[in-house]
Amino acid sequence: MKHSVLRLDGNSIVSDNSAKFGGGLSLEGSASVTLAGRSSMHGNTASQSGGGLAAWDNSSVTLIGASSVQHNMAVGGGGLFAADQAVISCTGCFIAHNTAKLSEACALYQKLRSQSLVKELSQEDSLMMEHLKRENPDCWPNTSAGGGGLFVLSKASVTLAAGSSVHGNVVVHGSGGGLYLVDHASLVLTGGSSVQGNTAPGGRGGGLAAWDSVNMTLTGASRVEHNTAGHGGGLFATNRTVVSCTGCSIAHNTAKLAEACALLKRLAENFVEEHVFNGTEEETSYKVRFLHQPMVRGLTKDKPQCPCPSLDDVSCLRDMHAEGGGLCAVGNASVTLAAGSRVQGNVAVNGTGGGLYLAGYFNWIDKPSVTLTGDSSVHGNTAACGGGVYATSGSLTLTGGSNVQGNVADRDGGGLYVSKSSGNRFFAYAGGAVSEASVLITQGSSVHNNTAGSGGGGLSLSRASVVVVGGSSVHSNSAPTGGGMYMSDANVTLADGSSVHGNKALRGPGGGMHVVEASQVAIRNQSTVVNNTF
């Protein structure tokens, strides 16, 4: 549909259609469509993009008056697909229960391709893989699905306003359960709108996933809640993506491995000290870097077939930990949480960074930055390490009375776990230099009432630096050792009337600070370490 204007009103329905692009409707050439008066697009299918609707080339889509896009399916953008400066405006609408997934043939091709990276395929499987690639040429570029609800790319933009909702969408073997944004796309979520209850099982960004210079603005009491993914239960941002969250909530999201991956992790851990890869030293080194974790040495000549379906997806082998229950900021992503924004009640199941996860990407230059300001908080989150925040690269700034409070870590770093990382977490096989993480706590901000099961109730630091200034504090935290801080080869500065007080070491040393292995502590300008107990 080119240069046309279409309006659907009065409970109009577009349903049960199919196409390669835009199962229900396809727009291009500055065409426009408006859905109003409870009109809906449902039950449509696209073999490529835009199960309900695809918009290209400056086209516009307007959804108002409780209109909906639901129960559609495609590889990219189960509900809606927008590209090439297309504009989607959603006011009081909902985009719900759509699915993005590969076709069965492409899913089988990707399964075999993933297996071929870690073991030699049988002749039968090799022939099947070649047959699938030949008969289904779209399977090669479409290595994964994206955007259960919406897929937005190439300078396209989406605005969700006035209580609009993106909920209950799913991406299978891909990223962005609710929305997937790529390549200078933009999103505005405002007016109490929400992204909730979406899933990307084992993937990235249960609610939102953003790659490559994306701009995301969350304001006006908008919410990202109750979403689930392997990495970034609520939101995953990387590669020059900018996220601005003003008075928003990122809450009750979950990062957890897919069931098969969790099983592979348990099996591999049992073999870690007993086996090595079968192959040359160079091949072994490459595979270990590619799979990232030494534990995968359990996949050996003695155990060539993992007795679980986790080899379906190479990401299952690469990603052995759930990360960022609330938000993952990776590479040079930039995140600002302002005006009382909340990252709360999120969980990284047996993983790291219950609230926030920060990590490098490709090299030491690509470092994320996260700033909390204006009484914003990370509170009530849970993880194995870094209950509130887990950072191996980049910078975290708490300013303007912001806080990290009431978080729980099963092991280290109830509030924050901060450690220098060697290499690149997400693509370890690409190499990478040492990447450092740093924390600045200023302007009356605080880390308080956090709990760890091992070391560092407030902060656990390893080869990292922390500066606490401007009357800020680390207080009322607890852990078996290092109630306030646990430091290993770390640098800590307290200045300008800041304090470490009221912390407790439950069984070991260091009520306020437990300092080991060449750490350095500077206490200046009327700062104090007082009233801590052990």
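In this text the structure is predicted, and so the values were computed from the model without any measurement.

**Side note on the overall build of the chain**
- Tallying secondary structure elements over the chain gives 5 helices and 62 strands in all.
- Out of the 534 residues in the chain, the part that is buried amounts to 56%.
- About 19,600 Å² of surface is accessible on the chain, with carbon and sulfur atoms providing 49% of the total.

**Thoughts on the confidence of the model for the chain**
- Looking at the chain, pLDDT values average 85 and 82% of them are 70 or higher.
- Per-residue pLDDT stays below 50 along residues 267–318; that stretch engages in 88 contacts with residues further than four places along the chain or on separate chains.
- Every residue in residues 422–434 is under pLDDT 50, and counting partners more than four places away or in other chains gives 43 contacts.

**A closer look at unusual backbone geometry**
- Of note in the backbone geometry, Asn58 takes a positive phi value of approximately 65 degrees without being a glycine.
- Within the fold, Asn58 resides in the loop between strand 8 (53–55) and strand 9 (60–64).
- On the accessibility criterion, Asn58 (40% relative accessible area) is partly exposed.
- The phi dihedral of Gln85 falls on the positive side, at around 65 degrees, and the residue is not glycine.
- In this fold, Gln85 is placed in the loop between strand 12 (80–82) and strand 13 (87–91).
- Under the relative-accessibility criterion, Gln85 is labelled partly exposed at 44%.

**A short note on the packing of aromatic side chains**
- Within this structure, the stated rule accounts for 8 aromatic pairs.
- In textbook terms, an aromatic cluster arises when at least three aromatic residues are bridged by ring pairs, as seen for Phe21, Trp56, Phe81, Phe151, Tyr180, Trp211 and Phe236.

**Quick look at the pattern of salt bridges**
- Within this structure, the stated rule accounts for 4 salt bridges.
- Residues Arg240 and Asp212 are paired through a salt bridge, measuring 2.9 Å at the closest nitrogen-oxygen approach. Here the residue Arg240 occupies a position in the loop between strand 30 (235–238) and strand 31 (242–246), and Asp212 occupies one in the loop between strand 26 (208–211) and strand 27 (215–218), the gap between them amounting to 28 residues.
- Asp375 is the salt-bridge partner of Arg342, the closest N and O atoms lying 4.0 Å from each other. Of this pair, Arg342 sits in strand 36 (residues 342–344) while Asp375 sits in the loop between strand 39 (369–372) and strand 40 (377–379), placing them 33 residues apart in sequence.
- For Arg342, a relative accessible area of 25% puts it in the partly exposed group.

**Structural notes on the state of the cysteines**
- One pass over the structure, following the stated rule, counts 2 disulfides.
- With a sulfur-sulfur separation of 1.3 Å, Cys90 is cross-linked through a disulfide to Cys93. The disulfide joining Cys90 to Cys93 has a torsion of about -60 degrees about its S-S bond and is therefore left-handed. For the pair formed by Cys90 and Cys93, the shared burial category is buried.
- Cys245 shares a disulfide with Cys248; S-S distance 1.2 Å. Like Cys245, the residue Cys248 is buried in the burial classification.

**Comments concerning the environment of Gly178**
- Looking at the element boundaries, Gly178 is found in the loop between strand 21 (174–175) and strand 22 (179–182).
- Setting aside chain neighbours within four positions, we find Gly178 in contact with Gly148, Gly149, Leu150, Val166, Asn198, Gly206 and Gly207.

**Some thoughts on the nonpolar core**
- Ranked by size, the top nonpolar core spans 79 residues in total, and within it Leu53, Leu150, Leu179, Met216, Leu356, Leu416 and Met485 carry the most contacts.
- For this core, the element with the highest residue contribution is strand 49 (residues 437–441), accounting for 3 residues.
- Residues within four places of Leu416 in sequence aside, it is in contact with Val389, Leu396, Val404, Val439, Val447, Gly458, Leu459 and Ser460.

**What about the environment of His173?**
- Mapped onto the elements of the fold, His173 is located in the loop between strand 20 (170–171) and strand 21.
- Judged by its relative accessible area of 38%, His173 is partly exposed.
- On a C-alpha basis, the gap between His173 and Ala200 in space is 7.3 Å, while along the polypeptide they are 27 residues apart.

Cut-off values and rules
Residues numbered from 1 in each chain as written. Predicted model: local features only at pLDDT ≥ 70, side-chain atom pairs only at ≥ 80, totals over all residues. Heavy atoms only, no water. Helix = DSSP H or I, 4+ residues; strand = E, 2+ residues; numbered from the N terminus. Buried < 20%, exposed > 50% of the residue type's maximum accessible area, 1.4 Å probe, protein only. Areas by Shrake-Rupley, 256 points an atom, 1.4 Å probe, with all protein chains shown as cover. pLDDT = per-residue confidence, 0-100. Contact = heavy atoms within 4.5 Å. Phe/Tyr/Trp six-rings, centres within 6.5 Å; stacked < 30°, edge-to-face > 60°. Salt bridge = Lys/Arg side-chain N within 4 Å of Asp/Glu carboxyl O. Disulfide = S-S within 2.5 Å. Core = buried A, V, L, I, M, F, W, Y, C linked by side-chain atoms within 4.5 Å.

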